[in-house]
Amino acid sequence: MKTRLTIISLAGGIALGCFAGLAHADPVDDTLEIDGQPMITRAPAPEGHPFDEVLSGWLFREAETRAVEADSFQNPGMLEVERAAEIWSTPEGTAGKSCETCHGDVSESMKGVGAHYPKWDKDANRPINIELQIDKCRTEQMGAEPYKFDAKDQKAMTALIKNQSLGEPMSVDLSQGDMQSWWDRGKDTYYTRTGQLNLSCSNCHEDSMGNMIRADHLSQGQVNGFPTYRLKQSALVSLHNRFRGCIRDTRAEFPKAFSDELMALEVYVTWRGTGLSVETPAVRQ
Amino acid sequence: MTLTRRQALVAGAGAVVATALPFGMPAFASEEDTQKHIMEFTGGKTPEAGKITLDAPEIAENGNTVPIGVTVDSPMTADSYVESVILLADGNPSPGVATFNFTPMSGTAAATTRMRLAKTQNVVAVAKMNDGSVFMDQKQIKVTIGGCGG
Amino acid sequence: MSTPKPRVKLPKSAAKDEIITIKTLISHDMESGQRKDKDGNAIPRKILNTFTCEFNGQAVFSCNMEPAISANPYFEFNARVPESGTFKFSWVDDDGTVITHEQDIEVK
């Protein structure tokens, strides 16, 4: 029996039975194929990882939700991927260039690329993710404005690029630049309790992984499916939006998207999912 | 001990019934409303059980997007076919969900879509055959809210 | 909002009178009319209210939608294919916009 009770001290004395009466349910024993292509949803954890096995969030979802992801036609996130394919070849900015002008066919040039971000960026002297890489191209090559955080096109373009790595195992290269110290910083953030509820990432996604938090089945909090099509929003949800959502739910002030704190967290959490297939756009509740 | 999803729900009973609508609390439809819609659709006939099967999850992972399907047993020929199927939900702001219209060209009287459910409620499907006979199936779908994910 | 582009999936060919499965998915918010904006004002209803599928001008399947249909409406249904021809799909928005898509099928 893995049920455990966590006593939460609440500032302000707000009674909230959030963690009371936790129940455990195992992730499903099921295999994911997207349009017949097998996905790695269970992978041996990298050295130094708290788990033996890393598990895709897909294994924690109900059969109906899992089925939508397994058929890319039914996956509404793919509507945005298709829309982004048009943006890819549409010139924007003062240089009159589109993504295609430099990169050609997205399915060739971006194959496998999204599976290995965040990457060290020498110019910025920090790691950057796909969203910031797109902005870099837009500002430096195209003469276009960077996207506003969570602009519809930013999410769609990120999903398009990551979708070209569908099935590819995720990894981050920690030997580049100062990546290791960003990993360390991300790890600190992961284990630091925040907010009135005094919760860290690890309290839910490590200590309570597999438990039911009310009606929600807690996963390992893997990032291999982002941007994710969430049934709740009926739209693509970006990783930094999800980070901020989690932090908000601890009743803490949340950092800015792409801030050092959240970029470090992205580096660390991506490492925690090493070996899982990119599932973008995954389908979640 | 491993609790099933349902046991977990029962255990946390106080927490599970909720609305999926983000802002405000609109008035909900009722069983009477739904009954009225059924009678309008059937022309006052009380539907019989059988022939139609409503396929839906017992528990919806998110009320915003609930897969729902109907299948009606019919040869779908020019002489004998299903004209339409109405889908109703008795706990949404209004009971109407969709009406599927079939023809012998449909080949099979079956269709699937995705619907919104504001809370745990009954979903009703009524089929009208070309000879005027009507059949009904219904299912209760539990709608939960999650922890942080919900 | 630009006109949404529908996705339609059906086989390229079929045997005469074969019953095929058709899937359709279209991008649309399906604004229910039940929500309020940040200032508390009701957001007016704007949904796709009708979906139809015809084959060579004959009705195959249609659906009248209410606001209880989820965003990005998805349909899966069947059709009997008596001859080679064209499937025509249309979605009607509350604002009067009609989105159409055509796809051919060959009977072998």
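Every value quoted in this text rests on a predicted model; they were computed, and no experiment measured them.

Asks: Is there a simple way to explain the interface of chain C and chain A in this structure?
Replies: How large an interface is tends to be reported as the accessible area lost when its parts come together. Between chain C and chain A, the residue contacts involve 13 residues of the former and 12 residues of the latter. For the pair chain C and chain A, the summed buried area comes to about 1,100 Å², and 55% of that belongs to carbon and sulfur atoms. Among the residues chain C hides against chain A, the three largest losses belong to R7, L25 and N72 of chain C. Together they make up 50% of the total. At the junction of chain C with chain A, the criterion picks out three salt bridges. Looking at the side of chain C that touches chain A, the elements that each hand over two or more residues are β1 (7-9), β3 (18-25) and β6 (74-81) of chain C. Looking at the side of chain C that touches chain A, its residues break down into five nonpolar, three polar and five charged.

Asks: What's the story with the sheet that holds strand β12 (residues 283-284) of chain A in this structure? I'm lost.
Replies: Strand pairing in a sheet takes place through backbone hydrogen bonds and is either antiparallel or parallel in direction. Residue and element names in this part refer to chain A. One open sheet holds the three strands; their spatial order is β11-β10-β12, and the pairing between them is mixed. At either margin of the open sheet sits one strand with a lone partner, and together these are β11 (235-237) and β12. Bridge count between strand β10 (residues 228-230) and β11: three bridges; the pairing is antiparallel. Bridge pairing links T228 to V237 in β11.

Asks: Where do I start with the pattern of salt bridges in this structure?
Replies: Where side chains of opposite charge bring their charged atoms close, a pairing between them can arise. In total, this model carries 24 salt bridges over all chains according to the counting rule given. Measuring nitrogen to oxygen at the nearest pair gives 2.8 Å for the salt bridge that ties E206 of chain A to R272 of chain A. Taken together, the residues E206 of chain A in helix α8 (residues 201-207) and R272 of chain A in helix α10 (residues 260-272) connect sequence positions 66 residues apart. Judged on exposure class, the residue E206 of chain A and its partner R272 of chain A are both buried. Across the pair D93 of chain C and K46 of chain C runs a salt bridge, and its minimum N-O distance is 2.9 Å. Of this pair, D93 of chain C sits in strand β7 (residues 85-93) while K46 of chain C sits in the loop between β3 and β4 (48-55), placing them 47 residues apart in sequence. Looking at K46 of chain C, the relative accessible area reads 31%, which means it is partly exposed.

Asks: Looking at this model, I keep getting lost on the sheet that holds β1 of chain C. Mind explaining?
Replies: An order of β2(B)-β4(B)-β7(B)-β6(C)-β3(C)-β1(C) is seen for the six strands of this open sheet, with the pairing classed as antiparallel. In this open sheet, the two strands that pair with only one neighbour each are β2 (52-55) of chain B together with β1 of chain C. Recorded for the sheet is a direction-independent mean angle of 15 degrees between the axes of neighbouring strands. Sheet topology places β1 of chain C next to β3 of chain C; three bridges connect them, and they run antiparallel. Bridging across to β3 of chain C, R7 of chain C finds its partner in L25 of chain C.

Asks: Can you walk me through the UniProt feature "domain: Sulphur oxidation protein SoxZ" (unreviewed entry) in chain C in this structure?
Replies: The UniProt record annotates "domain: Sulphur oxidation protein SoxZ" (unreviewed entry) at residues 9-102 of chain C. For the annotated span residues 9-102 of chain C, helix accounts for 0% and strand for 52% of the residues, and the straight-line distance between the end C-alpha atoms is 11 Å.

Asks: What am I meant to see in the side chain of T65 of chain B here?
Replies: In this fold, T65 of chain B is placed in the loop between β3 (59-60) and β4 (66-72). When neighbours within four sequence positions are excluded, T65 of chain B is seen to be in contact with L231 and S234 of chain A, R114 and M115 of chain B together with S70 of chain C.

Asks: Can you walk me through the confidence of the model for chain C in this structure?
Replies: Do not read the predicted coordinates in detail wherever pLDDT is low. Looking at chain C, pLDDT values average 95 and 97% of them are 70 or higher. Reported for the predicted complex are a pTM of 0.87 and an ipTM of 0.94.

Asks: How do you make sense of the pairing of β3 of chain C when you look at a structure like this?
Replies: Every other side chain in a regular strand lies on the same face of the sheet, so the side chains alternate between the two faces. Here β3 of chain C pairs with β6 of chain C via eight bridges, running antiparallel. By the bridge assignment for β6 of chain C, T24 of chain C is matched with F75 of chain C.

Asks: Please explain helix α3 (residues 31-42) of chain B as it appears in this structure.
Replies: The periodicity of an α-helix, 3.6 residues per turn, causes residues three or four positions apart to be oriented the same way. All names here are of chain B. Look at α3: 16 Å from first C-alpha to last across 12 residues, which is about the 16 Å you get at 1.5 Å a residue. Where α3 is buried, its residues contact β5 (82-89), β6 (96-102), β8 (121-129) and β9 (134-143). Phi turns positive one or two residues past the end of α3, at G43, with a value near 70 degrees.

Asks: Looking at this structure, how should I read empty space enclosed by the protein?
Replies: Leftover empty space is mapped by rolling, across the atoms, a probe with the size of a water molecule. In total, this model carries three cavities of 30 Å³ or more according to the counting rule given. Counted as a void, the largest cavity has a volume near 110 Å³. In terms of lining, the largest cavity is formed by 13 residues, of which the most central are E64, T65 and L231 of chain A together with T65 and P67 of chain B. When contributions to the lining of the largest cavity are tallied by element, the ones reaching two or more residues are α1 (63-70) of chain A together with β3 and β4 of chain B. A per-element tally of the lining of the largest cavity places α1 of chain A first, with three residues. Among the residues forming the lining of the largest cavity, the class breakdown is eight nonpolar, two polar and three charged. In this model, the second largest cavity occupies a volume close to 50 Å³. Lining of the second largest cavity is provided by G114, A115, Y117, P118, K162, M170, V223, N224, E266, T270, V278 and T280 of chain A. Within the lining of the second largest cavity, the residues separate by chemical class into six nonpolar, four polar and two charged.

Asks: Teacher, can you tell me more about the interface of chain B and chain C here?
Replies: Across the contact, 28 residues belong to chain B and 31 residues belong to chain C. With both chains or domains summed, chain B and chain C bury close to 2,400 Å², and 51% of this area falls on carbon and sulfur atoms. The interface formed by chain B and chain C contains zero salt bridges. At the boundary of chain B with chain C, the tally comes to 19 residue pairs in polar contact (both at pLDDT 80 or more). Those elements that place two or more of their residues in the side of chain B that touches chain C are β6 and β7 (109-115) of chain B. The dominant element in the side of chain B that touches chain C, judged by the number of residues it contributes, is β6 of chain B, at seven residues. Residue classes in the side of chain B that touches chain C are distributed as 14 nonpolar, 12 polar and two charged. Summarising the sheet, β7 of chain B and β6 of chain C pair through two bridges and their orientation is antiparallel. For A111 of chain B, the partnering residue across the bridge sits in β6 of chain C and is F77 of chain C.

Conventions and cut-offs
- Residues numbered from 1 in each chain as written.
- Chains lettered and ligands numbered in written order.
- Predicted model: local features only at pLDDT ≥ 70, side-chain atom pairs only at ≥ 80, totals over all residues.
- Heavy atoms only, no water.
- Contact = heavy atoms within 4.5 Å.
- Buried area = accessible area lost by both parts, 1.4 Å probe.
- Salt bridge = Lys/Arg side-chain N within 4 Å of Asp/Glu carboxyl O.
- Helix = DSSP H or I, 4+ residues; strand = E, 2+ residues; numbered from the N terminus.
- Nonpolar A, V, L, I, M, F, W, Y, C, P; charged D, E, K, R; others polar.
- Pairing = 2+ DSSP bridges.
- Buried < 20%, exposed > 50% of the residue type's maximum accessible area, 1.4 Å probe, protein only.
- Axes fitted to C-alpha atoms, helices over the stretch in contact; angles between N-to-C directions.
- UniProt positions renumbered as here; feature names shortened; annotations may be inferred.
- pLDDT = per-residue confidence, 0-100.
- Expected span 1.5 Å × (residues − 1).
- 1 Å grid on protein atoms, 1.4 Å probe; cavity = no way out; pocket = protein on both sides within 12 Å on 5 of 7 lines; lining within 4 Å.
- Points joined across faces, edges and corners; volume = space filled by probe spheres on them.
- Polar contact = N/O pair within 3.5 Å; in protein donor to acceptor, adjacent residues only side chain to side chain.

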